[in-house]
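Spelled out, the chains give:
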Amino acid sequence: MLTLDVGGALEFRACGDPKGRAFGAEVAELDRLRDDPDNPHAVRLFGDIAPAALAEAVGLVTGLPDEAIRGTIEGLGGSARLTGKMIARKADLAARPG
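Please read all numbers here as calculations on a predicted model, not as lab measurements. (Residues numbered from 1 in each chain as written. Predicted model: local features only at pLDDT ≥ 70, side-chain atom pairs only at ≥ 80, totals over all residues. Heavy atoms only, no water.)

Novice: Quick one: what's the story with the overall build of the protein, residue by residue and with numbers?
Specialist: Secondary structure assignment for the protein yields five helices and zero strands. Its C-alpha atoms put the protein at 35 × 35 × 25 Å along the principal axes. Taken across its 98 residues, the protein has 16% of its residues classed as buried. In the protein, 56% of the contacts between residues at least 6 apart in sequence involve partners at least 24 apart. With an accessible surface of roughly 6,800 Å², the protein has 60% of that area assigned to carbon and sulfur atoms. Computed over 12 positive and 15 negative side-chain charges, the separation of the two mean positions in the protein equals 3 Å. (Helix = DSSP H or I, 4+ residues; strand = E, 2+ residues; numbered from the N terminus. Buried < 20%, exposed > 50% of the residue type's maximum accessible area, 1.4 Å probe, protein only. Contact = heavy atoms within 4.5 Å. Areas by Shrake-Rupley, 256 points an atom, 1.4 Å probe, with all protein chains shown as cover. Lys, Arg positive; Asp, Glu negative; His and termini not counted. Charge placed at Lys NZ, Arg CZ, Asp CG, Glu CD.)

Novice: Give a description of the nonpolar core that names residues and reports values.
Specialist: Counting residues in hydrophobic clusters, the biggest one holds five residues: Phe 23, Ile 69, Ile 73, Leu 82 and Ile 87. Secondary-structure elements contributing two or more residues to this core are helix H4 (66–75) and helix H5 (80–95). Once residues within four sequence positions are removed from consideration, Phe 23 is found in contact with Leu 10, Glu 11, Leu 82, Lys 85, Met 86 and Arg 89. (Core = buried A, V, L, I, M, F, W, Y, C linked by side-chain atoms within 4.5 Å.)

Novice: Tell me about the layout of surface pockets, and name the residues and values.
Specialist: In this approach a probe as big as a water molecule rolls over the atoms, and the regions it shows empty are the leftover space. In this structure, the largest pocket spans a volume of roughly 990 Å³. Along its surface, the largest pocket is lined by 33 residues, and Lys 19, Phe 23, Glu 29, Leu 33 and Arg 89 are the ones closest to its centre. Of all the secondary-structure elements, those providing two or more residues to the lining of the largest pocket are helix H1 (29–35), helix H3 (51–62), H4 and H5. For the lining of the largest pocket, the element with the highest residue contribution is H1, accounting for five residues. (1 Å grid on protein atoms, 1.4 Å probe; cavity = no way out; pocket = protein on both sides within 12 Å on 5 of 7 lines; lining within 4 Å. Points joined across faces, edges and corners; volume = space filled by probe spheres on them.)

Novice: Give a detailed account of the environment of Gly 47, specifying residues and quantitative values.
Specialist: Along the chain, Gly 47 turns up in the loop between helix H2 (40–46) and H3. The spatial distance from the C-alpha of Gly 47 to the C-alpha of Gly 75 is 35 Å, given a sequence separation of 28 residues.

Novice: Account for the pattern of salt bridges, naming residues and giving values.
Specialist: Throughout the structure, instances matching the rule amount to eight salt bridges. For Glu 11, the salt bridge goes to Arg 81, with nearest N and O atoms at 3.1 Å. Of this pair, Glu 11 sits in the segment before H1 while Arg 81 sits in helix H5; the two residues are 70 residues apart in sequence, bridging distant segments of the chain. Measuring nitrogen to oxygen at the nearest pair gives 3.4 Å for the salt bridge that ties Arg 96 to Asp 92. Sharing partners across several salt bridges, the network here consists of Asp 31, Arg 34, Asp 92 and Arg 96. (Salt bridge = Lys/Arg side-chain N within 4 Å of Asp/Glu carboxyl O.)

Novice: Mind laying out the packing of H4 against H5, listing which residues take part and the relevant values?
Specialist: The geometry of H4 relative to H5 is characterised by a closest axis approach of 9 Å and an angle of 145 degrees between their N-to-C directions. Classified by chirality, the crossing of H5 by H4 is right-handed. Where H4 abuts H5, its residues Asp 66, Ile 69, Arg 70, Ile 73 and Glu 74 lie against Ala 80, Leu 82, Thr 83, Met 86, Ile 87 and Lys 90. Partitioned by chemical class, the residues of the contact of H4 with H5 number six nonpolar, one polar and four charged. (Axes fitted to C-alpha atoms, helices over the stretch in contact; angles between N-to-C directions. Left-handed = near helix turned anticlockwise from the far one by under 90°. Nonpolar A, V, L, I, M, F, W, Y, C, P; charged D, E, K, R; others polar.)

As structure tokens, then:
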């Protein structure tokens, strides 16, 4: 097992600074973690994920009802803005080809 990243979550980096535009409505990290030559550890960990396994993982997220996302985020003190971003990220995943 390789620890890839132990810090940061959603809108914040490990040191506590906001990610800003690096955490947007597009889920670019889905591709970046699998093929970024500047991050060989991530590529080694995620690069050979089978298409069926990736589709299954994405399906778990896209199958979540928006209201469940809203209830979880806002029920734990998150903002409506974060809720909107997470629902938009889900839509981005759903719109990706196979």
